[in-house]
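In case you want the letters, here they are:
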Amino acid sequence: MISVSFVCLGNICRSPMAELILKHLVKERGLEHSFDIKSFGTSDEEEGNPIYPPAKRTLRAHGIEGEHTARQISLKDVINSDFVLVMNSSNLFDILRLTGGEFGSKIFKLCSFTSNPRDVADPWYTGDFEKAFVDIYEGVNCFLEYVLKEKKEAIDYDLRH
């Protein structure tokens, strides 16, 4: 099983959008038993809150459903993840500070898997949830293609058992 943790600041917009998009894509491919997918915030300010309504509406408009409750990431969560995918440079610095610079081989900016590496702008501030969705969807889709190539044996094993 491949453990993926998405991270943004509050865990109510971008990272839960990424979590639900990846869950949707792996379910479409019949691979839900090969992945453990979660999302977290670097801050505790939204802990316990549901996905932000405009983010949820944007997902629903694209046929993606799901529930989510915000939570803050811990060092244990990083250690137990195969991949930690952050939304922007600020999140990256927060995770590196949390880990003391350790575990860098599993920490990536989500859109680093695309042909146009970039930060995912925070729609809490921009108000542009559709742009965030497009960037996140592209990042998640490219990440999934990467994992399907790089972790093929693990996924094939899960499919046989």
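Refer to the structure printed above.
Residues numbered from 1 in each chain as written. Predicted model: local features only at pLDDT ≥ 70, side-chain atom pairs only at ≥ 80, totals over all residues. Heavy atoms only, no water.

**Q** So what exactly am I meant to see when it comes to helix H4 (residues 89-99) here?
**A** When we look at burial in H4, the residues that qualify are Asn 91, Ile 95 and Thr 99. The buried side chains of H4 occupy one side of the element, clustering within an arc of 65 degrees when seen end-on. Exposed positions of H4 whose direction lies more than 90 degrees from the buried face are Phe 93 and Arg 97. On its buried side, H4 packs onto strand E1 (2-8), helix H1 (14-28), helix H3 (75-79), strand E3 (83-86) and strand E4 (107-109). For H4, the N-terminal capping position is held by Asn 88, with its side-chain oxygen 3.1 Å away from the main-chain nitrogen of Ser 90. One or two steps after H4, the chain reaches Gly 100, where phi turns positive at roughly 65 degrees. (Buried < 20%, exposed > 50% of the residue type's maximum accessible area, 1.4 Å probe, protein only. Helix = DSSP H or I, 4+ residues; strand = E, 2+ residues; numbered from the N terminus. Arc of directions from axis to C-beta. Contact = heavy atoms within 4.5 Å. Polar contact = N/O pair within 3.5 Å; in protein donor to acceptor, adjacent residues only side chain to side chain.)

**Q** When you look at the nonpolar core in this model, what are you seeing that I'm missing?
**A** Among the nonpolar cores identified, the biggest contains 38 residues, and Phe 6, Leu 22, Phe 35, Ile 136 and Val 140 are the most heavily contacted of them. Going through the elements one at a time, E1, H1, strand E2 (35-41), helix H2 (53-61), E3 and helix H6 (129-150) are the ones with two or more residues in this core. Considering every element that reaches this core, the biggest residue donor is H6, with 9 residues. For Ile 136, the contacting residues outside a window of four places in its chain are Arg 14, Met 17, Ala 18, Ile 21, Met 87, Leu 110 and Val 120. Membership of the second largest hydrophobic core comes to 8 residues, among which are Phe 40, Val 78, Val 86 and Ile 95. (Core = buried A, V, L, I, M, F, W, Y, C linked by side-chain atoms within 4.5 Å.)

**Q** What is the right way to read the pattern of salt bridges from this model?
**A** Side-chain pairs of opposite charge can arise where the charged atoms are in close proximity. By the definition in use, this model includes 11 salt bridges. Residues Asp 119 and Lys 109 are paired through a salt bridge, measuring 2.8 Å at the closest nitrogen-oxygen approach. Of this pair, Asp 119 sits in the loop between E4 and helix H5 (123-126) while Lys 109 sits in strand E4, and the two are 10 residues apart along the sequence. Put simply, Glu 138 and Arg 118 hold a salt bridge, and the shortest N to O gap is 2.5 Å. Pair noted here: Glu 138 is in helix H6 and Arg 118 is in the loop between E4 and H5, with a separation of 20 residues, a long-range link. Note on Glu 138: relative accessible area 27%, which makes it partly exposed. Since its relative accessible area comes to 18%, Arg 118 is described here as buried. Through salt bridges with shared partners, a single network forms among Arg 118, Lys 131, Asp 135 and Glu 138. (Salt bridge = Lys/Arg side-chain N within 4 Å of Asp/Glu carboxyl O.)

**Q** Which parts of the structure should I look at to understand the packing of aromatic side chains?
**A** Ring pairs (aromatic) are described by centroid distance and by the angle formed between their planes. Taken as a whole, this structure holds 9 aromatic pairs when the rule is applied. A network of ring pairs unites the aromatic residues Phe 83, Phe 108, Phe 113, Phe 143 and Tyr 146 as a single cluster. (Phe/Tyr/Trp six-rings, centres within 6.5 Å; stacked < 30°, edge-to-face > 60°.)

**Q** What exactly am I supposed to notice about the packing of H2 against H6 here?
**A** The packing of two helices is summarised by the inter-axis angle and the distance between the axes. In the contact formed by H2 and H6, the axes pass within 10 Å of each other and the chain directions differ by 60 degrees. When the axis of H2 is compared with that of H6, the two are oblique. Along this stretch, H2 crosses H6, giving a crossing that reads as right-handed. In this structure, H2 contributes Pro 54, Ala 55, Thr 58 and Leu 59 to the contact, and H6 contributes Phe 129, Glu 130 and Phe 133. Of the residues assigned to the contact of H2 with H6, the class counts are 5 nonpolar, 1 polar and 1 charged. (Axes fitted to C-alpha atoms, helices over the stretch in contact; angles between N-to-C directions. Parallel < 35°, antiparallel > 145°, perpendicular 65-115°, else oblique. Left-handed = near helix turned anticlockwise from the far one by under 90°. Nonpolar A, V, L, I, M, F, W, Y, C, P; charged D, E, K, R; others polar.)

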